[in-house]
Amino acid sequence: QVVTSADAFRHADALAIAPYIGMNVPGDQADEVVKLGLDGILDKVERESLPRAIEDMQKQKALADEYNLQLIAYEGGQHLVGVQGGENNQELEQLLHAANKHPRMGDFYRRYYKAWEDSGGGLHCAFSSVSRWSKWGSWGLMQYYDEAPADYPKFQATLDWMKKQHGTKR
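What counts, and where the lines are drawn
- Residues numbered from 1 in each chain as written.
- Predicted model: local features only at pLDDT ≥ 70, side-chain atom pairs only at ≥ 80, totals over all residues.
- Heavy atoms only, no water.
- Helix = DSSP H or I, 4+ residues; strand = E, 2+ residues; numbered from the N terminus.
- Rg over C-alpha atoms; globule rule 2.2 N^0.38 Å.
- Buried < 20%, exposed > 50% of the residue type's maximum accessible area, 1.4 Å probe, protein only.
- Contact = heavy atoms within 4.5 Å.
- Areas by Shrake-Rupley, 256 points an atom, 1.4 Å probe, with all protein chains shown as cover.
- Lys, Arg positive; Asp, Glu negative; His and termini not counted.
- Charge placed at Lys NZ, Arg CZ, Asp CG, Glu CD.
- Phe/Tyr/Trp six-rings, centres within 6.5 Å; stacked < 30°, edge-to-face > 60°.

Student: Lay out the overall build of the protein with the relevant residues and their values.
Tutor: Looking only at helices and strands, one finds four helices and four strands in the protein. Secondary structure elements of the protein occur, N-terminal to C-terminal, as β-β-α-β-α-α-β-α. Relative to the globule expectation of 15 Å for 170 residues, the C-alpha radius of gyration of the protein, 17 Å, shows essentially globular dimensions. Taking the principal axes of the C-alpha coordinates as reference, the protein spans close to 50 × 45 × 25 Å. Looking at the protein residue by residue over its 170 residues, the buried ones come to 42%. Looking at the protein alone, contacts between residues at least 24 apart form 72% of all its contacts between residues at least 6 apart. Working note: accessible area of the protein is about 9500 Å², and carbon and sulfur atoms make up 49% of it. The protein carries 19 positive and 24 negative side-chain charges, and their two centres are separated by 5 Å.

Student: Please give an account of unusual backbone geometry that cites residues and values.
Tutor: Unusually for a residue other than glycine, Ala6 sits at a positive phi of about 50°. Looking at where Ala6 falls in the secondary structure, it is placed in the segment before strand E1 (14–17). Here Ala6 falls in the exposed class, since its relative accessible area comes to 73%. Backbone geometry at Asp7 places phi at a positive 55°, although glycine is not the residue there. Summarising the element assignment, Asp7 is placed in the segment before E1.

Student: Tell me what's going on with the environment of Asp43, and back it up with residues and numbers.
Tutor: Assignment of secondary structure puts Asp43 in helix H1 (residues 27–66). The partly exposed category is assigned to Asp43, whose relative accessible area is 34%. Separated by 65 residues in sequence, Asp43 and Phe108 place their C-alpha atoms 11 Å apart.

Student: Talk me through the packing of aromatic side chains; I want residue IDs and the actual numbers.
Tutor: One pass over the full model with this rule turns up eight aromatic pairs. The interplanar angle of 55° and the centroid separation of 4.7 Å between the aromatic rings of Phe9 and Tyr67 together place this pair among those described as tilted. Of this pair, Phe9 sits in the segment before E1 while Tyr67 sits in the loop between H1 and strand E3 (70–83), and the two are 58 residues apart along the sequence. Taking relative accessible area as the criterion, Phe9 reaches 19% and is therefore assigned buried. A centroid spacing of 6.0 Å and a plane angle of 85° characterise the contact between Phe127 and Trp139, whose relative ring orientation is edge-to-face. Here the residue Phe127 occupies a position in the loop between strand E4 (124–126) and helix H4 (153–166), and Trp139 occupies one in the loop between E4 and H4, the gap between them amounting to twelve residues. Taking relative accessible area as the criterion, Phe127 reaches 34% and is therefore assigned partly exposed. Ring pairing ties together the aromatic residues Tyr109, Tyr112, Tyr113 and Trp161, which thus form one cluster.

Here it is as structure tokens:
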């Protein structure tokens, strides 16, 4: 709708999206998700959230191509968070934080970035390089500047992808 509204595509050179690996957990589902445990949450992300994000990238690229626009991401990454009361469930918060620091999250990010490339996406801005995690989300790729990047698999995956994009060997 945005692309075609007032012929916006005629005045644009890119379609900017936010392709998140999303899992919003409302309060009435928080206990059920907590029961999944860490491995169950990661399985759910791998089985549902990541494929949905990849499918959305592909659909948006098709739309961008239809209107001769580049596809870019103004922000993106993981989006595992409690909502509508779920943010107040401390067990859920701890599990989502643990999921964000788990090695599998690094693998999800590598697959996510590969899918972005394969879909023909251009510029991709990861949302929040460093910020403290809270009940409102684990947005930072790391929580503190003085931590070891290797302790944050999603940060390391992003750094590796960026180096690949820019041909950096450091």
